[in-house]
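Structure assessment
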Amino acid sequence: MNIWFHKKNLSLLFILGVSLVIHAQIFNLKLASDAWPPFTNESTKKSLALDIVNEALTRSQISVDHEIIDFEKVLTAINNQEIDGCGAIWKTSEREETLLFSKPYLENRLVLVGLKGRDVSFTKIAELTRYKIGLVANYAYDANVLNAQNFEIVYSKNDQENLEKLFDKTIDYMLVDELLIHYLFKHQVNDVEKYLSIAEVPFQIKKLHLAIRKNIPNASEIMNRFNQAIHQMIIDGTYTKILNVNSIQTDIDGDGITELIINSNYTSDELPKKSYPLFYGQHEKVAKTKVYVNGKQYKDWNLAYKNKKWHTTIEASTDIYNPGVRIKTN
């Protein structure tokens, strides 16, 4: 009887030991993406999507190497099993045949921007007839935008150049990712409201995923770790710092109402005027009585602000990502 107990205990210890080894094991991933600033870029430049992916994988004890190549080569390399996957990719039924996709961790939302007073309520390509639309060269716009024949596309090297063309009235509108609008609101809220009209309904919405080949070892384990790390990064405020916005909003507890996650670098005594929804539609139901700062939930904003502990975490530099876009009013 005692021998049986000893053997059972030894078996349990062995199983537990193997489980701990598997959990602690460091996997290695080789990923590739195309250059798509500000979401993906070379390692020496800021790339929001890959920064999120790298942080989540690091927390999951998964090492990763990122390569920046043409997107067509990314897909070819995945199919040839030369790389393990892509850190920022859109989901399609065809890709799902060979790739395992994470839960979406970001969303690309292009909105129409014009000078103050301009109608920005257009939601169809046909409604832009005869207008000049500013786009950034080599960005991944939808084919229906790029191939449209009813309006003129004016390419620029970046969003700042498009913004300047907008003020010079050499273009009528520009298409820009909604995240950039939040940067402008963060730094130049008065100028944005005074000089620009910004659409509330996006022209293009695409969810971003990490995707890895289904046939690589431990693919499911890697993806589960990644998804869990992403959830924790949202709660603890890592997202607000990587995105460099004052606050984000998302449904943390799955009750259909979004919570506010405040950047601990935010010092105003007022609740942020604009909060960036991680996914479209999440701005409709916001539980402003639920506020998270540094992973801690507060009943409301006043209690969060009065708690001086999180103010001590403010870093010397809050310019984690500066897109370099500014409204020039002189």
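Nothing here was measured: the structure is a model prediction, and the numbers come from that model.

**Here we look at the overall build of the protein chain**
Tallying secondary structure elements over the protein chain gives 9 helices and 15 strands in all. When contacts within the protein chain are restricted to residue pairs at least 6 apart in sequence, those whose partners lie at least 24 apart make up 71%. Total accessible area on the protein chain is roughly 17400 Å²; 50% of this is exposed by carbon and sulfur atoms.

**Quick look at the packing of aromatic side chains**
Scanning the model with the defined rule gives 7 aromatic pairs in all. With a centroid separation of 6.0 Å and 80° between ring planes, the pair formed by Phe122 and Tyr173 is classed as edge-to-face. Of the two residues, Phe122 is situated in the loop between β5 (106-115) and β6 (132-136) and Tyr173 in strand β8 (residues 173-177); the sequence distance between them amounts to 51 residues. This pair shows no difference in class: Phe122 is buried, exactly as Tyr173 is. Taken together, a centroid distance of 6.2 Å and an interplanar angle of 80° make the contact between Phe167 and Tyr195 edge-to-face. With Phe167 in helix α5 (residues 159-168) and Tyr195 in helix α6 (residues 178-195), this residue pair connects regions lying 28 residues apart in the sequence. Assessed through its relative accessible area of 26%, Phe167 is described here as partly exposed.

**Examining a nonpolar patch on the surface**
Taken together, the side chains of Val201, Ile205 and Tyr280 present a nonpolar region at the surface, about 230 Å² in accessible area. Here Ile205 lies in strand β10 (residues 204-213). With relative accessibility at 35%, the residue Ile205 sits in the partly exposed group.

**Points about the nonpolar core**
The biggest cluster of nonpolar side chains holds 57 residues, and the ones touching the most others in it are Tyr105, Tyr239 and Leu243. It is helix α7 (residues 219-235) that contributes the most residues to this core, 9 residues altogether. The contacts of Tyr239, once residues within four sequence positions are left out, are Ile52, Tyr105, Ile230, Met233, Ile234, Asn244, Ile248 and Leu278. Formed by 18 residues, the second largest nonpolar core is a distinct cluster that contains Tyr141, Val145, Ala148 and Phe151.

**A few points about the environment of Gln249**
Mapped onto the elements of the fold, Gln249 is located in strand β11 (residues 247-250). Residues Gln249 and Glu259 lie 10 residues apart in sequence; the distance between their C-alpha atoms is 5.4 Å.

**Observations concerning the confidence of the model for the protein chain**
Overall, the predicted model of the protein chain reaches an average pLDDT of 82, with 81% of residues at or above 70. Mean pLDDT values over the elements of the protein chain span from 48, in helix α1 (residues 2-24), up to 98, in strand β4 (residues 99-101). Every residue in residues 1-5 is under pLDDT 50, and counting partners more than four places away or in other chains gives 0 contacts.

**What to know about the pairing of strand β12 (residues 258-262)**
Sheet faces and side chains relate simply in a regular strand, where the side chains alternate between the two faces. For β12, the tally of buried residues reaches 5 of 5 residues, placing the bulk of the element in the interior. In β12, alternate side chains face the same way, and those of Thr258, Leu260 and Ile262 on one face and Glu259 and Ile261 on the other are all buried.

**Section: the pattern of salt bridges**
Taken as a whole, this structure holds 14 salt bridges when the rule is applied. The salt bridge involving Arg59 is made with Asp236; its shortest N-O contact spans 2.8 Å. Residue Arg59 is located in helix α2 (residues 48-59), and its partner Asp236 is located in the loop between α7 and α8 (238-243); the two are separated by 177 residues in the primary sequence. The class of Arg59 is partly exposed, set by a relative accessible area of 34%. Three or more residues are tied together by salt bridges with common partners; here these are Glu107, Arg109, Glu178 and Lys207.

**Some thoughts on the packing of α2 against α7**
For the pair α2 and α7, the least separation of the axes is 8 Å and the interaxial angle reads 110°. Relative to α7, the element α2 lies roughly perpendicular. Between α2 and α7 lies a crossing whose hand is right-handed. Between α2 and α7, the residues in contact are Ile52, Val53, Glu55, Ala56, Leu57 and Arg59 and Phe226, Ala229, Ile230, Gln232 and Met233, respectively.

Rules and cut-offs
- Residues numbered from 1 in each chain as written.
- Predicted model: local features only at pLDDT ≥ 70, side-chain atom pairs only at ≥ 80, totals over all residues.
- Heavy atoms only, no water.
- Helix = DSSP H or I, 4+ residues; strand = E, 2+ residues; numbered from the N terminus.
- Contact = heavy atoms within 4.5 Å.
- Areas by Shrake-Rupley, 256 points an atom, 1.4 Å probe, with all protein chains shown as cover.
- Phe/Tyr/Trp six-rings, centres within 6.5 Å; stacked < 30°, edge-to-face > 60°.
- Buried < 20%, exposed > 50% of the residue type's maximum accessible area, 1.4 Å probe, protein only.
- Patch = residues over 30% accessible without salt bridge, like charges linked within 9 Å, V, L, I, M, F, W, Y side chains within 5 Å.
- Salt bridge = Lys/Arg side-chain N within 4 Å of Asp/Glu carboxyl O.
- Core = buried A, V, L, I, M, F, W, Y, C linked by side-chain atoms within 4.5 Å.
- pLDDT = per-residue confidence, 0-100.
- Axes fitted to C-alpha atoms, helices over the stretch in contact; angles between N-to-C directions.
- Parallel < 35°, antiparallel > 145°, perpendicular 65-115°, else oblique.
- Left-handed = near helix turned anticlockwise from the far one by under 90°.

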